[in-house]
Amino acid sequence: MVYQVSHEHCNISQRSWRIIKREVEKIGHHLPGLTGDLPRLSLFIKWHSRRGYYDGFVDLRLPKKLLRVDIFGTAIEHSLIEAFKSLLRELTKYEALHFKGNSRYPKHELNSN
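Residues numbered from 1 in each chain as written. Predicted model: local features only at pLDDT ≥ 70, side-chain atom pairs only at ≥ 80, totals over all residues. Heavy atoms only, no water.

What to know about the packing of aromatic side chains
Thought 1: In total, this model carries 3 aromatic pairs according to the counting rule given.
Thought 2: Between Phe-44 and Phe-57, the aromatic rings sit 5.8 Å apart at their centres with planes inclined by 35°, giving tilted as the arrangement. With Phe-44 in strand E2 (residues 40-48) and Phe-57 in strand E3 (residues 53-62), the pair connects residues that are 13 residues apart, well separated along the chain.
Thought 3: On the numbers, 4.9 Å between centres and 45° between planes, the contact of Tyr-53 with Phe-72 is tilted. Placement of the pair is Tyr-53 in strand E3 and Phe-72 in strand E4 (residues 65-73), with a sequence separation of 19 residues.
Thought 4: By relative accessible area, which is 60% here, Phe-72 ends up exposed.
Thought 5: Above the face of the Phe-57 ring, Arg-68 is positioned so that its terminal group lies 4.0 Å from the ring centre. (Phe/Tyr/Trp six-rings, centres within 6.5 Å; stacked < 30°, edge-to-face > 60°. Helix = DSSP H or I, 4+ residues; strand = E, 2+ residues; numbered from the N terminus. Buried < 20%, exposed > 50% of the residue type's maximum accessible area, 1.4 Å probe, protein only. Lys NZ or Arg CZ within 6 Å of the ring centre and 35° of its normal.)

Here it is, written out as structure tokens:
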């Protein structure tokens, strides 16, 4: 999986980098059938010094869908963890709809249209 991290008016600590790498690996384990650089993850985070908070987004481009989660909080590590939790919830829904083997729905057929 290819991922890109952009930041503005802030420095990302080693601890934050470890969180990002760990969460990207988790997402990669959920998408074993997708090859190469097909899933693309983009993360953007910005520090607002006047207001004292971080905001941004995490985008995950998948076939047929773009999953986007917003980042918001006063601590960068906590904000990243919460954003990736939300992204994993969205990814679970995506898997249930688009991959027959992971579906919770009985008699789920995969449309090839």
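Okay, back to it.
A word on the side chain of Glu-23
Thought 1: Structurally, the position occupied by Glu-23 is in helix H1 (residues 14-30).
Thought 2: You can call Glu-23 buried: its relative accessible area is 5%.
Thought 3: Among all residues touching Glu-23, those that are not within four sequence positions of it are Phe-84 and Leu-88. (Contact = heavy atoms within 4.5 Å.)

A few points about the side chain of Ser-16
Thought 1: Its place among the elements puts Ser-16 in helix H1.
Thought 2: Other than its neighbours up to four places away in sequence, Ser-16 contacts Ile-76, Glu-77 and Leu-80.

Comments concerning the sheet that holds E2
Thought 1: Spatially, 4 strands are ordered E1-E2-E3-E4 in an open sheet, and the strand pairing comes out mixed. This sheet does not close on itself; its edge strands, each paired only once, are strand E1 (2-8) and E4. Neighbour-to-neighbour, the strand axes of this sheet turn through a mean angle of 10°, independent of strand direction.
Thought 2: Direction of pairing for E3 relative to E4: antiparallel, over a ladder of 9 bridges. If you follow Tyr-54 over to E4, its bridge partner there is Gly-73.
Thought 3: Here helix H2 (residues 76-98) sits on the sheet and contacts E2, E3 and E4; the angle it forms with E4, its principal contact strand, is near 155°. (Pairing = 2+ DSSP bridges. Axes fitted to C-alpha atoms, helices over the stretch in contact; angles between N-to-C directions.)

Description of H1
Since the α-helix packs 3.6 residues into each turn, any two residues three or four apart lie on the same face.
Thought 1: Look at H1: 25 Å from first C-alpha to last across 17 residues, which is about the 24 Å you get at 1.5 Å a residue.
Thought 2: Regarding H1, the residues found buried are Ser-16, Ile-19, Ile-20, Glu-23, Val-24 and Ile-27. Angularly, the buried residues of H1 cover 130° about the axis, an arc narrow enough to put them on a single face. Exposed residues pointing more than 90 degrees away from the buried face of H1 are listed as Gln-14, Arg-15, Arg-18, Glu-25 and His-29. (Expected span 1.5 Å × (residues − 1). Arc of directions from axis to C-beta.)

What to know about the pattern of salt bridges
Thought 1: Applying the stated criterion across every chain yields a total of 6 salt bridges.
Thought 2: A salt bridge links Glu-8 to Lys-46; the shortest N-O distance between them is 3.6 Å. Taken together, the positions of Glu-8 in strand E1 and Lys-46 in strand E2 put the pair 38 residues apart, joining distant regions of the chain.
Thought 3: With a relative accessible area of 31%, Glu-8 lands in the partly exposed category.
Thought 4: Assessed through its relative accessible area of 23%, Lys-46 is described here as partly exposed.
Thought 5: Across the pair Asp-59 and Arg-68 runs a salt bridge, and its minimum N-O distance is 3.5 Å.
Thought 6: Through salt bridges with shared partners, a single network forms among Arg-22, Glu-23 and Lys-26. (Salt bridge = Lys/Arg side-chain N within 4 Å of Asp/Glu carboxyl O.)

Interpretation note: all reported values are geometric properties and have no functional meaning in isolation.
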